[in-house]
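Observations on the three-dimensional arrangement
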Amino acid sequence: MMEEISSFFGFGSSTSFADDTCHLLGTFGNCGIVETNEGLLMFDIAQERFGPMAFNQLRSITDKPIKYLIFSHGHFDHCFGFKPFLEEIKEKNWDLPQIIAHENCLKRWEKYRILDKYHRWLNRQQFASVIGDEYKGPSVNKSLEPTIIVQNEFRFELGGFSFEINHEWGETDDALWLWFPEKGVIFSGDLVISSYPNIGNPFKVQRYPKHWALAMEHILEKEAYYLLPGHGKLIEGKEKVKDVLSITAEAMHFVHDEVVKRMNQGMWFEQIYHEMLDIYPDKFAKHEYLKPVYGCYAFAIHAVYRLYHGWYNSGNPTDLFPAKSEDVAGELVKIISPEKYIEHCRKLVDQGKLQLALHIIDPVIFGVSQDNSEILLEALQLKSSILRKKAEQESSFIASNIFNNEIINLEGRIAELKNSD
Ligand SMILES: [Zn+2]
């Protein structure tokens, strides 16, 4: 799986295609280039820290100036690597390119400005176990302001080629994709990420499964020969492009329609979730382009439910005004001793029931005070080892990173406890 995640992150190399008119620059978040005799069209400009990588890749291919820069959507990994490009423009006295974004991209950045510190904190949660704790994350306070704001579609010409930009909802509400008909090329942004769509990211706001399926169907109509995804390698060949788009559309329709069906039958989330896991078709589970490399199917179930339902999702009034977890756990360990929980947890681990084991160790983690340091230490070490096993078995980057982050936290607490002895 390591190989898949590194191909997803796509570092380091460029690919030229469509008679060398197009180039894929591989940084975390692909950049797409179209080369014309009047200059370049650039689709996305990488994350801030990978801007120099995108710049070097581009300038090893062509010296031409960028005439159009299009943002596939307003996420950090696609719009903020512009610094070296701006320096070059200044140095060579070129005009600034036209910068194209959807109108919702501006609203997104407005929201990011309000939530700047929060997003840095949040992205550390999502990525920290990979890139380290010192990671500050990019800031939207330095953004490139669009000069052309798209609502539904926008068409333009450059160097004798025509281009068509369309808006969709999918991972975001500000998604744009580009159609370059002369060469049969699609630049999709994160509507295609070469793995199961990142539709139910547990940290992030609502995404749009039904719209995502429809977006795939709109792109399918073009019968493209090349598709440059937001992450992952170039997808090449009519049949392959068609296969990726249609299986993704089908998977999005499936998760959406099956959750909705169960909501209409009056089920609460837990029942829907477990039924949905049971009925996941093999054709999706085994498909090369739906691997749970980044997000996963289980997260998508949440996304659909959340699209239509409020936060009270258990149907159990106990959850309406909940007590503190540590108070509940404190009572539980009064009824049954922490040692018993630990003993039972170990049995579950031996049986391979890791998820149940986590539920059973938590009353000790939350309910036992620092004074009882020996038993707390044992519980922290046990939970850490369970999470390590879970992380090893997990293919979704987001999920395994959540496990790994908590292992780091637990190890911190373990070290603290040992020191205080
Ligand atoms: Zn992305």
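Notes on the structure in this doc start here.

Parameters at a glance
Residues numbered from 1 in each chain as written. Predicted model: local features only at pLDDT ≥ 70, side-chain atom pairs only at ≥ 80, totals over all residues. Core = buried A, V, L, I, M, F, W, Y, C linked by C-beta atoms within 7 Å. Buried ≥ 20, exposed ≤ 12 C-beta atoms within 10 Å, placed from the backbone. Helix = DSSP H or I, 4+ residues; strand = E, 2+ residues; numbered from the N terminus. Domains from an automatic or database assignment. Contact = placed C-beta atoms within 7 Å. Pairing = 2+ DSSP bridges. Axes fitted to C-alpha atoms, helices over the stretch in contact; angles between N-to-C directions. Expected span 1.5 Å × (residues − 1). Parallel < 35°, antiparallel > 145°, perpendicular 65-115°, else oblique. Left-handed = near helix turned anticlockwise from the far one by under 90°. Nonpolar A, V, L, I, M, F, W, Y, C, P; charged D, E, K, R; others polar.

1. Section: the nonpolar core
- One finds Met 42, Leu 178, Ile 186 and Ile 361 to be the most contacted residues of the largest nonpolar core, which totals 105 residues.
- Ranked by residues supplied to this core, first place goes to helix α8 (residues 238-264) with eight residues.
- Per-domain counts for this core show at least three residues from each of domain 1 (2-251) and domain 2 (323-420).
- Among residues more than four places away in sequence, those in contact with Met 42 are Cys 31, Ile 33, Ile 66, Tyr 68 and Leu 69.

2. Description of the sheet that holds strand β9 (residues 161-168)
- Taken together, six strands build an open sheet; the order of strands is β8-β9-β10-β11-β12-β13 and the sheet is mixed. Of all strands in the sheet, those bounded by a partner on one side alone are β8 (153-158) and β13 (235-236).
- Sheet contacts for helix α7 (residues 209-220): β9, β10 (175-180) and β11 (185-189); angle to β9, the most-contacted strand, approximately 160°.

3. Some thoughts on the sheet that holds strand β6 (residues 98-102)
- Overall, mixed pairing links the seven strands, which are arranged β1-β2-β3-β4-β5-β6-β7 in an open sheet. Of all strands in the sheet, those with a lone pairing partner are β1 (14-17) and β7 (148-150), marking the two edges. Neighbour to neighbour, the strand axes of the sheet diverge by 20° on average, direction disregarded.
- Sheet topology note: the β1/strand β2 (residues 22-25) ladder contains four bridges and is antiparallel. If you follow Thr 15 over to β2, its bridge partner there is Leu 24.
- Sheet strands in contact with helix α2 (residues 51-59) are β1, β2 and β3 (31-36), and its direction is about 150° off that of β2.
- Its contacts with the sheet put helix α5 (residues 103-114) on β6 and β7, and the angle it makes with β6 is roughly 80°.

4. Some points on unusual backbone geometry
- Backbone geometry places Asp 19, a non-glycine residue, at a positive phi of 55°.
- Tracing the sequence through the fold places Asp 19 in the loop between β1 and β2.
- The backbone phi angle of Ser 194 is positive, close to 60°, even though this residue is not glycine.
- Looking at where Ser 194 falls in the secondary structure, it is placed in the loop between β11 and α7.

5. Focus: helix α16 (residues 397-420)
- With 24 residues, α16 should reach 34 Å at 1.5 Å per residue; the first-to-last C-alpha distance of 35 Å fits that figure.
- For α16, the set of buried residues is Phe 397, Ile 398, Ala 399, Ser 400, Ile 402, Phe 403, Asn 405 and Leu 410.

6. Digging into the environment of Leu 69
- The topology assignment puts Leu 69 in strand β5 (residues 66-70).
- For the pair formed by Leu 69 and Glu 217, sequence separation is 148 residues and the distance between their alpha carbons is 25 Å.
- Residues in contact with Leu 69, not counting those within four places in the same chain, are Met 42, Ile 45, Pro 97 and Ile 99.

7. A closer look at the packing of helix α15 (residues 373-393) against α16
- Running from N to C, α15 and α16 point in directions that differ by 160°, and their axes come no closer than 9 Å. Between α15 and α16, the crossing angle belongs to the class labelled roughly antiparallel. Between α15 and α16 lies a crossing whose hand is left-handed. Contacts between α15 and α16 involve Ser 373, Leu 376, Leu 377, Leu 380, Gln 381, Lys 383, Ser 384, Leu 387, Arg 388, Lys 390 and Ala 391 from the former and Ser 400, Phe 403, Asn 404, Glu 406, Ile 407, Leu 410, Glu 411, Arg 413, Ile 414 and Leu 417 from the latter.
- Among the residues forming the contact of α15 with α16, the class breakdown is 10 nonpolar, five polar and six charged.

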